[in-house]
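Fold and geometry: a report
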Amino acid sequence: MALHVRGAILPEGDVRDLWLVGDRVTFEPVGGAETISDGGFVVPGLVDAHCHLGIAYGAKPIERVDQARELAVIDRDAGVLALRDAGSPFPYPELDDEAGIPRLARAGRHVAPPRRYLRDIGVEVAAEEVAATVTAQAKAGNGWVKLVGDWIDRGVGDLAPSWDAATMTAAVEAAHAAGARAAVHTFSEDGVEIMVRAGVDSVEHGTGLSLDLIDEMARQGTALVPTMINIRTFGKIAEQAREKFAGYADHMIALRDRFPGVVRAAYEAGVPIYLGTDAGGGIQHGLQAEEMLILQEAGLPAAEIIAAASWKAREWLGFPGLVEGGLADLVVYEADPRADLRVVRAPKRIVLRGEVIR
Ligand SMILES: [Zn+2]
């Protein structure tokens, strides 16, 4: 049976009626539809643009697809109806169109240099194997590949780029040739410079960004996913490493402390910003509302944050929102999230793939 919803529909915000027929949205009245919500503010659902369903809490690969399902449901029940998995050691393509599971944009495994990333998570390869590995991992995902752009180099005692500029440029070209977009993990100044100039599609974390690189990202349309919750863990990472790697520890703290200013500068320069919690590994799922509120502390307006966490991210990932023929995903909030973001903590109604979840 068709479902009927009436409320202030974002982004426009006019009070309207919409109908859900199967997995599609229509604004043409449908007879005999059941009204499931009347009032409030209707948004196309939140998007976690950087999380991991294939990494269990404690940074271990999952072993069964059921574990990915359970993590996805935690996000769904928080009103997050689309996820971008930014690197998974365990493939779960069978969840792509599964009822009750958020829309999925998935990368394959992280592509990392030997012993320079979290143990057992990435495919670890030498420079000359990077491009071919990217091609293979593009097939394992459904539209994204994930590169590790930098990590601690224990020989150097600090963050260092994974590979040189030529290797990274070839890696991004290999992703594009395979029909995928490339996302890169990067914390450091020199790592992010190599990756932005290599033409990567999205910078994950991006604590090392300079104003010059921010301008280049704005010109290229390169996205930034700042993962504010993750950056807040830098203090703990630094203290665990300080005894052996004091320079690295100081560097991580400095990157953390300047980061809110970096994100504000990127926003002001017009860099497309999307919100990701980096759940999986060391961060719990279901925290997108908190990520939004931390981003607000960095000085971005609430109206921009809800757009970036919802309809703009859906458009970026290819999941049309509340437009004629769009996908039948929505969340209803009591009040206007553009006026007070805290309402996103408490969705009143959740509909995913045309099915009422709550
Ligand atoms: Zn991540």
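See the structure printed just above.
This section reports on the structure supplied with the text. Because the structure is predicted, anything quoted here is derived from the model rather than measured. (Residues numbered from 1 in each chain as written. Predicted model: local features only at pLDDT ≥ 70, side-chain atom pairs only at ≥ 80, totals over all residues. Heavy atoms only, no water.)

Okay, the nonpolar core next. Val 134, Leu 147, Leu 209 and Met 292 are the most contacted members of the largest nonpolar core, which totals 98 residues. The element that contributes the greatest number of residues to this core is helix α8 (residues 246-269), accounting for 10 residues. Split by domain, this core shows at least three residues from each of two domains, domain 1 (3-44 + 321-356) and domain 2 (46-316). With residues near it in sequence (within four places) discarded, Val 134 still touches Val 111, Val 145, Leu 147, Ala 171, Ala 174 and Ala 175. In this structure, Ala 107, Trp 316, Phe 319 and Leu 327 belong to the second largest nonpolar core, which totals 15 residues. (Core = buried A, V, L, I, M, F, W, Y, C linked by side-chain atoms within 4.5 Å. Buried < 20%, exposed > 50% of the residue type's maximum accessible area, 1.4 Å probe, protein only. Helix = DSSP H or I, 4+ residues; strand = E, 2+ residues; numbered from the N terminus. Domains from an automatic or database assignment. Contact = heavy atoms within 4.5 Å.)

A separate point is the environment of Val 42. Inspection of the secondary structure assignment puts Val 42 in strand β4 (residues 34-43). The sequence separation of Val 42 and Lys 60 amounts to 18 residues, and the corresponding C-alpha distance is 37 Å. Apart from residues no more than four positions distant in its own chain, Val 42 is found in contact with Val 5, Gly 7, Ala 8, Ile 9, Leu 10, Leu 322, Leu 330, Val 331 and Val 332.

A water-sized probe, rolled over the atoms, reveals where empty space remains. In this structure, the largest pocket encloses a volume near 1000 Å³. Forming the walls of the largest pocket are 32 residues, and the residues nearest its centre are Ala 59, Leu 118, Trp 151, Ile 237 and Gln 240. Secondary structure elements with two or more residues in the lining of the largest pocket: β12 (150-153) and α7 (234-241). Take the lining of the largest pocket: its biggest share by element is four residues, from α7. In terms of residue class, the lining of the largest pocket is made up of 13 nonpolar, 11 polar and eight charged. What lines the second largest pocket is a set of 17 residues, and nearest its centre among them are Pro 11, Glu 12, Gly 321, Leu 322 and Val 323. (1 Å grid on protein atoms, 1.4 Å probe; cavity = no way out; pocket = protein on both sides within 12 Å on 5 of 7 lines; lining within 4 Å. Points joined across faces, edges and corners; volume = space filled by probe spheres on them. Nonpolar A, V, L, I, M, F, W, Y, C, P; charged D, E, K, R; others polar.)

Purely spatial values, then, with no claim about function.
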